[in-house]
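# Examining the three-dimensional arrangement
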Amino acid sequence: MLLRAAALVLLIAAPTLAAPPPVKEAWDQTSAVASNAWVRAAAVPGRPAAGYLTIKGGGQPDTLVEVTAPGVRVEMHSMSMDGGVMKMAKLDSVPVPAGATVGFAPGGNHLMIFGMSGAPKTLPLTLKFRSGATLTTTADVRAPSDAAPANPHAMHGQH
Ligand SMILES: [Cu+2]
């Protein structure tokens, strides 16, 4: 504060003094971005729906700790093959490295959405990060039989 005041005085005292070039922002504040969110409704009523999206990390590494949507319960799940058996596990957090693309896609990490009733066309998602940052995005809800949407970030192994 004192320094700033001193600089201001200096500026007033010497108006012809060239201002120093702005210091390049050392702290990259670019925030993460969510895109391509969609939900595949459950084929069997009462079963959870699956949600997918792409997250592009911001300027600083962060960790996704929670996804919420109104009126439903959302869990983050991993999916892996174990001896020919597909296994899902609940994830408490998902790292989002700076600038990295983190996908929730069929066959891999996904959102499990419990208690979705009716046939909504869209589902608003809120992503909460450990830094305190939040992101909102709207997922298109697709019928169980619908094909996955064309996705520029399509994952390998998606058939
Ligand atoms: Cu799951």
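Keep in mind that this is a model prediction, so the values were computed, not measured.

## Thoughts on the overall build of the protein chain
A count of helical and extended segments in the protein chain gives one helix and 10 strands. The secondary structure elements of the protein chain, listed N-terminal to C-terminal, are α-β-β-β-β-β-β-β-β-β-β. Counting across all 159 residues of the protein chain, residues that qualify as buried make up 23%. Taking all contacts inside the protein chain whose residues are at least 6 apart in sequence as the whole, residues at least 24 apart take part in 70%.

## Regarding the pairing of strand 5 (residues 85-91)
Strand 5 sits mainly on the outside: zero of its seven residues count as buried. In this sheet, strand 5 lies alongside strand 4 (residues 73-82) in antiparallel orientation, the contact comprising seven bridges. Bridging across to strand 5, Met-79 finds its partner in Met-88.

## Points about the confidence of the model for the protein chain
In this model, the protein chain carries an average pLDDT of 84, and 77% of its residues clear a pLDDT of 70 or more. A low-confidence stretch, residues 151-159 stays under pLDDT 50, and its non-local contacts, those more than four residues away or across chains, total 14 contacts.

## Digging into the environment of Met-88
On the secondary structure map, Met-88 appears in strand 5. Its 14 C-beta neighbours within 10 Å are what place Met-88 among the partly exposed residues. Sequence spacing of Met-88 and Gly-108 is 20 residues, and the spatial spacing of their C-alpha atoms is 9.1 Å. If we ignore the near neighbours within four places in the chain, the residues touching Met-88 are His-77, Ser-78 and Met-79.

## Let's talk about the nonpolar core
Ranked by internal contacts, the top residues of the largest apolar core, which has 28 residues, are Val-39, Leu-53, Leu-111, Ile-113, Leu-125 and Ala-139. Broken down by secondary-structure element, the contributors of at least two residues to this core are strand 1 (33-40), strand 2 (49-56), strand 3 (62-68), strand 4, strand 8 (110-114), strand 9 (122-129) and strand 10 (134-142). Of the residues forming this core, the biggest block, five residues, is contributed by strand 2. The residues contacting Ile-113, other than those within four sequence positions of it, are Val-39, Pro-48, Ala-49, Gly-51, Ala-69, Val-72 and Val-74.

## What about the environment of Gly-57?
Here Gly-57 is to be found in the loop between strand 2 and strand 3. Residue Gly-57 is classed as buried on the basis of its 20 C-beta neighbours within 10 Å. With 25 residues separating them along the chain, Gly-57 and Ala-32 place their C-alpha atoms 4.5 Å apart. Setting aside residues no more than four positions away along its own chain, Gly-57 makes contact with Ala-32, Asp-62, Val-96, Pro-97, Ala-98, Gly-99, Ala-100 and Val-102.

How each quantity is defined
- Residues numbered from 1 in each chain as written.
- Predicted model: local features only at pLDDT ≥ 70, side-chain atom pairs only at ≥ 80, totals over all residues.
- Helix = DSSP H or I, 4+ residues; strand = E, 2+ residues; numbered from the N terminus.
- Buried ≥ 20, exposed ≤ 12 C-beta atoms within 10 Å, placed from the backbone.
- Contact = placed C-beta atoms within 7 Å.
- Pairing = 2+ DSSP bridges.
- pLDDT = per-residue confidence, 0-100.
- Core = buried A, V, L, I, M, F, W, Y, C linked by C-beta atoms within 7 Å.

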